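# Architecture at a glance
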Amino acid sequence: MRAACRRDHKLCASRKMARTADADLKPQLKKNGVRCRETGGSFRRNGTELVWDFLQKKGPGNGAASRQKSQESFEQAPMYVAVMTYLGFGIVTLFGYFRDFLRAVGLEKCHVAQEREEQKNFVPLYQDFENFYTRNLYMRVRDNWNRPICSLPGPVFDLMERVSDDYNWTFRFTGRTIHNVINMGSYNYLGFAENNADFLTTVADKVQQYGAGVCSTRQEIGNLHIHEELEELVASFLGVESSMSFGMGFATNSMNIPALVGKGCLILSDELNHTSLILGARLSGATIRVFKHNNMHSLEKMLKEAVCSGQPRTHRPWKKILIMVEGIYSMEGSVVRLPDIIALKKKYKAYLYLDEAHSIGAVGPSGRGVTELFNVNPADVDVMMGTFTKSFGAAGGYIAGKKDLVDYLRSHSHSAIYASAMSPAVTEQIIRAMKCIMGKDGSTEGIRRIRQLAENTKYFRARLKEMGFIIYGNDDSPVVPVLLYMPGKVVAFAREMLERRIGVVVVGFPATPITEARARFCVSAAHTRDMLNQVLHQMNEVGDSLCLKFSRRKRSPQPDLYEETDFELDS
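Residues numbered from 1 in each chain as written. Predicted model: local features only at pLDDT ≥ 70, side-chain atom pairs only at ≥ 80, totals over all residues. Heavy atoms only, no water.

Put simply, the rule reads: UniProt positions are given in the numbering used here, feature names are shortened, and annotations may be inferred rather than shown by experiment.
As recorded by an unreviewed UniProt entry, the protein chain carries the name serine C-palmitoyltransferase and is attributed to Menidia menidia. Within the UniProt record for the protein chain, the comment given under Sequence similarities (unreviewed entry) is "Belongs to the class-II pyridoxal-phosphate-dependent aminotransferase family." Here is the UniProt Subcellular location (unreviewed entry) comment for the protein chain, exactly as written: "Endoplasmic reticulum membrane".

Below, the structure is given as structure tokens:
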């Protein structure tokens, strides 16, 4: 009897502890009405900012318990901003219908592409071009995209001036060049997109030796020694058994995923994954299910259902379950919760595909990406993908992992079998940049750039927050989205910044949710403190003039910019 009572007492105590733990895991809503984004982590209050603190156990092989703290900000705008955003789109839409009516009755000239008379009964070949959104909304603001650059796209660039006489349906060049525009849009994270003759000597030598192109696939006669050297270097850099390079970063995802999964397989994809991952998943023929962004509760729920229920109708077990995530999400600036995902994939015997296009070279003490940032074992990631188009200032991508995986892809990947091999000059540029990062060139320039990027990122993000802008993403992410919300302000912001010789990238619906249009800044190690201060100064003025400072966080009482000694990293 006493033993039974003791057992009941222990059971009650354990259930109470479990309920307490479950309660701690649930995100808490703020009392001021700001909606919390559910990410499966715990949130704490900091003014009106939503901050996600994820505590990660470190230790790739020994299970050593240590903790790392990081913050992700997803502050919600005031309600009136959302109302005005919807109202703005509504007004623009009404005017669009009115203009369509004027075109139909012949009162306004129709600039839309027309089919030939003999094809008037055909289904329009350019139907996408004729849609309402493109015709009435995008064409009015098209001058903010596809701007012609006429110099090296480094920390500053030169821009060819163009004007339109028919509301952006056509452009003409004025012959004038806008010089020294600060580049805040390129993915030149470590500044390797450069034309320094001393740095590019080996690239020029490889052009002299091999020429500009290979004109063949790797499996035929396009496999050069420097291709194999690059793959060995990538494997060494990432700490994995083997790697394989491809000539195009987009195709690295879209053409390799179909080689890994197919019919009868299940793909669990983060809702904010890049288009290349989505296309590869669709081409594979596998079943695709989407989980909420960085939400471990949503992912685990889908994993449980997949393991318990199996395939629809037949309930047979899935052949494979593949989790697809990115290291840094290019529109949100958020960082993957890699340790939690690895724990789930081990628990449910799934595979993990990690796209490090924006994170490789950009985060981690030595630039080795999110695996180094969280100090996890690279062997725990089944498929490591990355691109050379960003941190390395080149082109192409790679797949890395176990040797069996890479050998399989060499004979089954469409990109490996049918695509032309990477250009020798591009290959040498990647080798040069990677050796610089690893210190194999005998210098400390690589590690200096990595630390400079981290310093610039923290400085730029902190200053924007103090000014009152709403920014998204992780404190370590060099991708900095600044929320603009309203369609008219998005266009006005881009044009006003260009007038002040600052080049920015603005993104709106349908690339983002309709209420979350934004400007996306990409910080580079090549940006000097003076450049960043100039951008911040101009943004402060533009933010005041266009009323873009929507944050309800407490602003810093000191408006002056930080001194050079601030945000120095520990040696």
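## Some remarks on the overall build of the protein chain
Rules: In DSSP terms, a helix is any run of H or I states spanning at least four residues, a strand is any run of E spanning at least two, and both are numbered starting from the N terminus. The criterion used for residue contact is that any of the two residues' heavy atoms lie within 4.5 Å. Accessible surface area values rest on a Shrake-Rupley calculation with a 1.4 Å probe, where residue burial reflects the displayed protein chains alone.
Regarding its fold elements, the protein chain presents 17 helices and 19 strands. Within the protein chain, counting contacts between residues at least 6 apart in sequence, those at least 24 apart form 68% of the total. Surface summary for the protein chain: the accessible area is close to 28000 Å², and the carbon and sulfur share equals 55%.

## What to know about the environment of Val83
Examined against the element boundaries, Val83 turns out to sit in helix H2 (residues 79-104). Sequence separation between Val83 and Thr515 is 432 residues, and the spatial gap between their C-alpha atoms is 9.0 Å.

## Examining the confidence of the model for the protein chain
Quick reminder of the rule: pLDDT is defined as a per-residue confidence score from the predictor, taking values between 0 and 100.
Per-residue confidence for the protein chain gives a mean pLDDT of 84; residues scoring 70 or more make up 83%. Note on residues 1-69: pLDDT under 50 across the span, and 115 contacts to partners over four residues away in sequence or across chains.

## A word on the sheet that holds strand S7 (residues 172-183)
Paired through their backbone hydrogen bonds, the strands of a sheet run either parallel or antiparallel. Selection criterion: By definition, two strands form a pair when at least two bridges between them are found by DSSP.
With mixed pairing, three strands are arranged side by side in an open sheet as S6-S7-S17. Each edge of the open sheet carries a strand with a single partner, namely strand S6 (156-163) and strand S17 (502-503). When S7 meets S17, the two strands line up parallel, connected through two bridges. For Ile182, the partnering residue across the bridge sits in S17 and is Ile502.

## Considerations on the sheet that holds strand S11 (residues 321-326)
Threshold: With axes taken as lines fitted to C-alpha atoms, and helix axes fitted only over the stretch in contact, angles between N-to-C directions fall between 0 and 180 degrees.
Read from one edge of the open sheet, seven strands run S8-S14-S13-S12-S11-S9-S10, paired in mixed fashion. The sheet is open, and its two borders are formed by strand S8 (242-246) and strand S10 (287-291), each paired with just one other strand. Taking each pair of neighbouring strands and ignoring which way they run, the sheet shows an average axis angle of 20°. Against the sheet, helix H9 (residues 296-309) touches strand S9 (266-270), S10 and S11, its axis set at about 150° to S10.

## Looking at helix H16 (residues 487-499)
Note the following rule: A helix's residues, less one, multiplied by 1.5 Å, set its expected span. Throughout this description, buried means an accessible area under 20% of the type-specific maximum (1.4 Å probe, protein chains only), exposed means over 50%, and partly exposed covers the range between.
Helix length check: H16, at 13 residues, gives a terminal C-alpha distance of 19 Å against a target of 18 Å (1.5 Å per residue), a fit within 8%. Among the residues of H16, those classed as buried are Lys489, Val490, Val491, Phe493, Ala494, Met497 and Leu498. At the C-terminal side of H16, Arg501 shows a positive phi close to 65°.

## Structural notes on the pattern of salt bridges
Filter applied, for reference: The salt bridge criterion pairs a side-chain nitrogen of Lys or Arg with a carboxyl oxygen of Asp or Glu, the two atoms within 4 Å.
Applying the stated rule across the entire model yields 29 salt bridges. A salt bridge links Glu108 to Arg99; the shortest N-O distance between them is 2.6 Å. The exposure class of Glu108 is buried, given its relative accessible area of 19%. Where salt bridges share partners, they join Arg99, Asp100, Arg103, Glu108 and Arg135 into one cluster.

## Thoughts on helix H8 (residues 275-284)
Note the cut-off: This arc describes the spread of directions from the helix axis toward the C-beta atoms.
For H8, every residue scored as buried is listed here: Ser276, Leu277, Gly280, Ala281 and Ser284. Axial view of H8: buried residues confined to an arc of 135°, hence all on one face. Of the surrounding elements, those touching the buried residues of H8 are helix H6 (249-254), helix H7 (257-260), S9, S10, S11 and strand S12 (351-355). A positive phi of about 85° marks Gly285, the residue just after H8.

## A look at the packing of aromatic side chains
Just so we agree on the cut-off: Put simply, two rings from Phe, Tyr or Trp (the six-membered ring, in Trp's case) pair if the centres are within 6.5 Å, and we call them stacked under 30 degrees between planes, edge-to-face over 60, tilted for the rest. For a ring to carry a charge above it, either NZ of a lysine or CZ of an arginine must fall within 6 Å of the ring centroid while also lying within 35 degrees of the normal to the ring plane.
Per the counting criterion, the structure on display carries eleven aromatic pairs. Centre to centre, the rings of Tyr187 and Tyr189 are 6.4 Å apart; their planes meet at 50°, and the pair counts as tilted. Under the relative-accessibility criterion, Tyr187 is labelled partly exposed at 29%. Residue class for Tyr189 comes out buried when judged on its relative accessible area of 0%. What links up through ring pairs into an aromatic cluster is the set Phe89, Tyr133 and Phe509. One cation-aromatic arrangement involves Arg529 over Tyr459; the distance from NZ or CZ to the ring centre is 3.8 Å.

## Observations concerning the nonpolar core
Heads up, the condition is: Take the buried residues of types Ala, Val, Leu, Ile, Met, Phe, Trp, Tyr and Cys, join any two whose side-chain atoms come within 4.5 Å, and each joined set is a nonpolar core.
Counting residues in hydrophobic clusters, the biggest one holds 100 residues, and the most contacted among them are Leu338, Phe460, Phe493 and Phe521. Considering every element that reaches this core, the biggest residue donor is helix H5 (residues 225-238), with seven residues. The residues contacting Phe460, other than those within four sequence positions of it, are Met184, Val480, Phe521, Val523, Leu532, Val535 and Leu536.

## Some details on the UniProt feature "transmembrane region" (unreviewed entry) in the protein chain
Under the local residue numbering, the UniProt record ascribes the feature "transmembrane region" (unreviewed entry) to residues 77-98. Regarding residues 77-98, the helix share stands at 91% and the strand share at 0%, and the terminal C-alpha atoms are separated by 31 Å.

## Re the pairing of strand S19 (residues 517-522)
For S19, a buried count of six out of six residues is recorded, marking the element as mostly surrounded by other parts of the structure. Residues Ala517, Ala519 and Phe521 point to one face of S19 and Arg518, Arg520 and Cys522 to the other, with burial holding for every one of them. Two elements, strand S16 (residues 479-485) and S19, share six bridges in a ladder whose sense is antiparallel. Bridging across to S19, Val479 finds its partner in Cys522.

## Structural notes on unusual backbone geometry
Positioned with a positive phi, Tyr167 is a non-glycine residue whose angle comes to about 60°. Along the chain, the position of Tyr167 falls in the loop between S6 and S7. A residue is classified by how much of its surface remains accessible, and Tyr167, at 56% relative accessible area, is exposed.

## Describing the pairing of S7
With six bridges connecting them, S6 and S7 associate as antiparallel partners. Its bridge partner lying in S7, Leu159 is registered against Ile178.

## A few points about the packing of H9 against helix H10 (residues 338-347)
To keep it simple, the criterion reads: When describing relative orientation, an angle under 35 degrees is termed roughly parallel and one over 145 degrees roughly antiparallel, while 65 to 115 degrees is termed roughly perpendicular and anything else oblique. Residues were grouped as follows: Ala, Val, Leu, Ile, Met, Phe, Trp, Tyr, Cys and Pro as nonpolar; Asp, Glu, Lys and Arg as charged; and all remaining residues, including Gly, as polar.
As a packed pair, H9 and H10 sit with axes 11 Å apart at the nearest point and diverge in direction by 10°. Considering their axes alone, H9 and H10 lie roughly parallel with respect to each other. Contacts between H9 and H10 involve Met296, Leu299, Glu300 and Leu303 on the former and, on the latter, Asp340, Ile341, Leu344 and Lys347. When its residues are assigned to classes, the contact of H9 with H10 shows five nonpolar, no polar and three charged.

## Here we look at a nonpolar patch on the surface
Filter applied, for reference: Exposure above 30% relative accessible area and the absence of a salt bridge qualify a residue for a patch, where like charges join within 9 Å and nonpolar side chains (Val, Leu, Ile, Met, Phe, Trp, Tyr) within 5 Å.
A cluster of nonpolar side chains, namely Tyr80, Met84, Leu87, Ile91, Phe95, Phe98, Phe101, Val105 and Leu107, defines an oily patch on the protein surface of about 960 Å² accessible area. Its location among the elements puts Phe101 in helix H2.

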